[in-house]
Amino acid sequence: MFIDNLISKDPSIKRHIVKTLTWRLVGTIDTIILSTIITGNVTVGAKIGGFELFTKMLLYYFHERVWYRINFGLPNRERRALKLKGGVAKNIHFQKFKISRSQRNTQNRHTSFVIWFTGLSGSGKSTLANGLEELLFKRNIKCYALDGDNVRLGLNSDLDFSAEGRKENIRRVAEISQLMSDAGVLVIASFISPFKEDRERAKTIIGEKNFLEIFVDCPLDVCEERDTKGLYSKAIKGEIKEFTGISSPYERPENPYLTIPSGTMSVKEGIDYIFKNIEQKLRLEKVAVDEVDAKEAKS
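Computed from a predicted structure; not experimentally measured.

(A) A look at the overall build of the protein. A count of helices and strands for the protein gives 13 helices and five strands. Counting across all 299 residues of the protein, residues that qualify as buried make up 36%. Of the contacts formed within the protein by residues at least 6 apart in sequence, a portion of 74% connects residues at least 24 apart. About 19200 Å² of surface is accessible on the protein, with carbon and sulfur atoms providing 59% of the total.

Next up, the structure:
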């Protein structure tokens, strides 16, 4: 009953038990043969082998369970997850639907893509995202803002702030952003996303042509002065571990779509500058819009 309960909670335990038994049986046979040769007595050899089987089986099992949780020498968890996903995906096939992204864009009268704000905490990402969403909404652009804190209060509430937790947080947001932009919505994502590797992965998921990286560049001392959430003071005191800019690095984008110097540029100036640079990308070809007008007139 005890072993059955263990296996039901963690199916990998069953594999470890079987591996322990089979491997130790091989080792025990070797021990019995060697002991018999050395002592010249089969009975003594069998007793030594039996004792060794019992003790080493226990040691081997616990060693295997501990070693299973150690990542030394293995690819990172992200690659392990992808490997597992690849195994499951063998029986999964992409389902095509008749309504395309371009058709949704045409109906909405604007294109859809992802604006990805990245920068230190307190740099002004959420403020810019909020203002930009308001401006776009007033211009009848179907848009939606995804914010780091809001997402972690719901969808990603199960993730911590470890390196792996942060990677998974950005991966999930990128997948959601891709789906929403495919649905014809302009997505405004504001996440610290401090690591270049994670941002590159997000770009791959979303698609390079639909990923506009905007670096909200603000000096660390200015972010600390603002500290609207009181996070920097806690991080400096050691109350928050692995805090970006204090105890964890921020890798500056090398070639962002836009850079907003939020330490010197006003919020309004920043929003106007962003809109000016995305306005052309929002526009559809006139022919496509005329086709929609024609269909609406007929109906």
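Having seen the structure, we can now continue with the description.
(B) Quick look at the pattern of salt bridges. If you walk through the whole model with that rule in mind, you get 15 salt bridges. Between glutamate 197 and lysine 167 there is a salt bridge; the shortest N-O distance is 3.2 Å. With glutamate 197 in helix 9 (residues 196-206) and lysine 167 in helix 8 (residues 163-182), the pair connects residues that are 30 residues apart, well separated along the chain. Overall, glutamate 197 belongs to the partly exposed group, its relative accessible area being 45%.

(C) Inspection of unusual backbone geometry at higher detail. The backbone of asparagine 140 sits at a positive phi, close to 65 degrees, despite the residue not being glycine. What makes asparagine 140 exposed here is its relative accessible area of 64%. Residue glutamate 242 is not a glycine yet carries a positive backbone phi of 50 degrees. Mapped onto the elements of the fold, glutamate 242 is located in the loop between helix 11 (231-237) and strand 5 (258-260). A relative accessible area of 44% means that glutamate 242 is categorised as partly exposed.

(D) Looking closely at the nonpolar core. In terms of nonpolar packing, the biggest core is built from 21 residues, with Phe117, Leu136 and Leu186 touching the most fellow members. Among the elements of the structure, strand 1 (114-118), helix 6 (125-138), strand 3 (186-190), strand 4 (211-216), strand 5 and helix 12 (267-282) are those that each provide at least two residues to this core. Among the elements that make up this core, the one with the highest residue count is helix 12 (five residues). Here leucine 136 is in contact with Ile141, Cys143, Leu186, Ile188, Phe275, Ile278 and Leu282, once residues within four sequence places are set aside. Judged by nonpolar contacts, the second largest core, of 15 residues, contains Ile170, Val173, Val185 and Ile206.

(E) Geometry of helix 12. Its 16 residues give helix 12 an end-to-end C-alpha distance of 21 Å, which sits within 8% of 22 Å, the value for a rise of 1.5 Å per residue. The complete set of buried residues in helix 12 reads Gly270, Ile271, Ile274, Phe275, Ile278 and Leu282. As for helix 12, its buried residues are in contact with strand 1, helix 6, strand 3, strand 4 and strand 5.

(F) Molecular detail of a nonpolar patch on the surface. Together, Ile29, Ile33, Leu34, Ile37 and Ile38 make up a nonpolar patch on the protein surface, roughly 550 Å² of accessible area in all. With respect to the element layout, isoleucine 29 can be found in helix 2 (residues 12-39).

(G) Quick look at the sheet that holds strand 1. Strands sit in the order 2-3-1-4-5 across an open sheet of five strands; the sheet is parallel. Pairing within the sheet leaves two strands with one partner each, and these edge strands are strand 2 (143-147) and strand 5. In this sheet, neighbouring strand axes are inclined to one another by 20 degrees on average, regardless of whether the strands run parallel or antiparallel. Alignment of strand 1 against strand 4, held across five bridges, turns out to be parallel. Considered in strand 4, the bridge of tryptophan 116 is made with glutamate 213. Helix-sheet contacts for helix 8 involve strand 1, strand 2 and strand 3, and the interaxial angle to strand 1 is about 155 degrees.

(H) Structural view of the pairing of strand 1. Counting buried positions along strand 1 gives five out of five residues, so the element sits mostly inside the fold. Pairing between strand 1 and strand 3: four bridges, direction parallel. Considered in strand 3, the bridge of tryptophan 116 is made with alanine 189.

(I) Quick look at the side chain of asparagine 210. By secondary structure assignment, the location of asparagine 210 is in the loop between helix 9 and strand 4. Excluding its chain neighbours within four sequence positions, the residues that come into contact with asparagine 210 are Arg101, Ser112, Phe113 and Val114.

(J) Broad picture of helix 5 (residues 101-108). Looking only at helix 5, the buried set comprises Arg101, Asn105, Thr106 and Asn108. On an axial view of helix 5, the arc spanned by its buried residues comes to 165 degrees, and they lie on one face. Just downstream of helix 5 lies arginine 109, where phi reads positive at about 70 degrees.

Quick notes on the rules
Residues numbered from 1 in each chain as written. Predicted model: local features only at pLDDT ≥ 70, side-chain atom pairs only at ≥ 80, totals over all residues. Heavy atoms only, no water. Helix = DSSP H or I, 4+ residues; strand = E, 2+ residues; numbered from the N terminus. Buried < 20%, exposed > 50% of the residue type's maximum accessible area, 1.4 Å probe, protein only. Contact = heavy atoms within 4.5 Å. Areas by Shrake-Rupley, 256 points an atom, 1.4 Å probe, with all protein chains shown as cover. Salt bridge = Lys/Arg side-chain N within 4 Å of Asp/Glu carboxyl O. Core = buried A, V, L, I, M, F, W, Y, C linked by side-chain atoms within 4.5 Å. Expected span 1.5 Å × (residues − 1). Patch = residues over 30% accessible without salt bridge, like charges linked within 9 Å, V, L, I, M, F, W, Y side chains within 5 Å. Pairing = 2+ DSSP bridges. Axes fitted to C-alpha atoms, helices over the stretch in contact; angles between N-to-C directions. Arc of directions from axis to C-beta.

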